[in-house]
Amino acid sequence: MHARDILIDGFGRIQEEVHAALDGADPDLLNRLPAPDANSITWLVWHLTRIQDDHIADAFDLDQVWLAQGWEKRFGLGLPPRDHGYGHTPAEVAKVRVDSGDLLTGYHDAVHEQTLGVLRELPAKDLERIVDTRFDPPVTLGVRLVSVLSDDLQHVGQAAYLRGLLQSTEA
């Protein structure tokens, strides 16, 4: 099995879990903050998708789906165009709201397609390519892809947990 097949499977699992976390949830549930300094389901899914979009675009010298396909305008969050949520204050987290989970899944699916497009064509030797020299040791493409995979899986797990928690308090 080629490493790209493992990565494709991993990113596919993220997409499945994003859909599961959002399926049938109303905007009130998606946008609810469980505490003043906590993240909503919307923010978690938006952020994990923005990170994937940002990091994949950067590593493969592509345009971010967020900007190229007009998702930034569709979301209308009033945040800087390239914002991806890292270091957000509670006030910034609260700005990330949707009227429907379909907006989140639509954006995630578009990013997922761009990710799959580059992974399907990925030669094994490219995994050693340096994509970020700000760290010691410098970050290879393989390390960056696993980092995004890990971060996204953690955040989608948080979104699923938060959905269960919020729904259990409604009963």
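It should be emphasised that the depicted structure is a prediction, and the values quoted were computed from it without experimental measurement. (Residues numbered from 1 in each chain as written. Predicted model: local features only at pLDDT ≥ 70, side-chain atom pairs only at ≥ 80, totals over all residues. Heavy atoms only, no water.)

This brings us to the overall build of the protein. For the protein, the count of helices and strands is eight helices and two strands. Its C-alpha atoms give the protein a radius of gyration of 16 Å, near enough to 16 Å, the size a compact globule of 171 residues would have. Considering only C-alpha atoms, the protein reaches an extent of 50 × 35 × 30 Å along its principal axes. Counting all 171 residues of the protein, 45% fall into the buried class. When contacts within the protein are restricted to residue pairs at least 6 apart in sequence, those whose partners lie at least 24 apart make up 72%. Carbon and sulfur atoms make up 52% of the accessible area of the protein, which amounts to about 8,800 Å² in all. Averaging the positions of the 15 positive and the 28 negative side-chain charges in the protein gives two centres separated by 3 Å. (Helix = DSSP H or I, 4+ residues; strand = E, 2+ residues; numbered from the N terminus. Rg over C-alpha atoms; globule rule 2.2 N^0.38 Å. Buried < 20%, exposed > 50% of the residue type's maximum accessible area, 1.4 Å probe, protein only. Contact = heavy atoms within 4.5 Å. Areas by Shrake-Rupley, 256 points an atom, 1.4 Å probe, with all protein chains shown as cover. Lys, Arg positive; Asp, Glu negative; His and termini not counted. Charge placed at Lys NZ, Arg CZ, Asp CG, Glu CD.)

Our focus in this paragraph is the pattern of salt bridges. Scanning the entire structure with this criterion turns up six salt bridges. Residue Asp-126 pairs with Lys-125 through a salt bridge whose shortest N-O separation is 3.8 Å. Residue Asp-126 is classed as partly exposed on the basis of its relative accessible area, which comes to 23%. Note that Arg-134 is salt-bridged to Asp-132, the shortest N-O span being 2.6 Å. (Salt bridge = Lys/Arg side-chain N within 4 Å of Asp/Glu carboxyl O.)

Counting 45 residues, the largest nonpolar core has Ile-41, Trp-46, Phe-60, Phe-75, Leu-122 and Leu-145 as its most contacted members. Counting only elements with at least two residues in this core, the list comes to helix H1 (3-22), helix H2 (27-31), helix H3 (41-60), helix H4 (65-68), helix H5 (71-75), helix H7 (101-120) and helix H8 (141-170). Ranked by the residues each element gives to this core, the list is headed by H3, at nine residues. Each residue touching Ile-41, except ones within four places of it in the same chain, is listed here: Leu-22, Leu-29, Leu-30, Ala-159, Leu-162, Arg-163 and Leu-166. (Core = buried A, V, L, I, M, F, W, Y, C linked by side-chain atoms within 4.5 Å.)

Function cannot be read off these values alone, since they describe shape.
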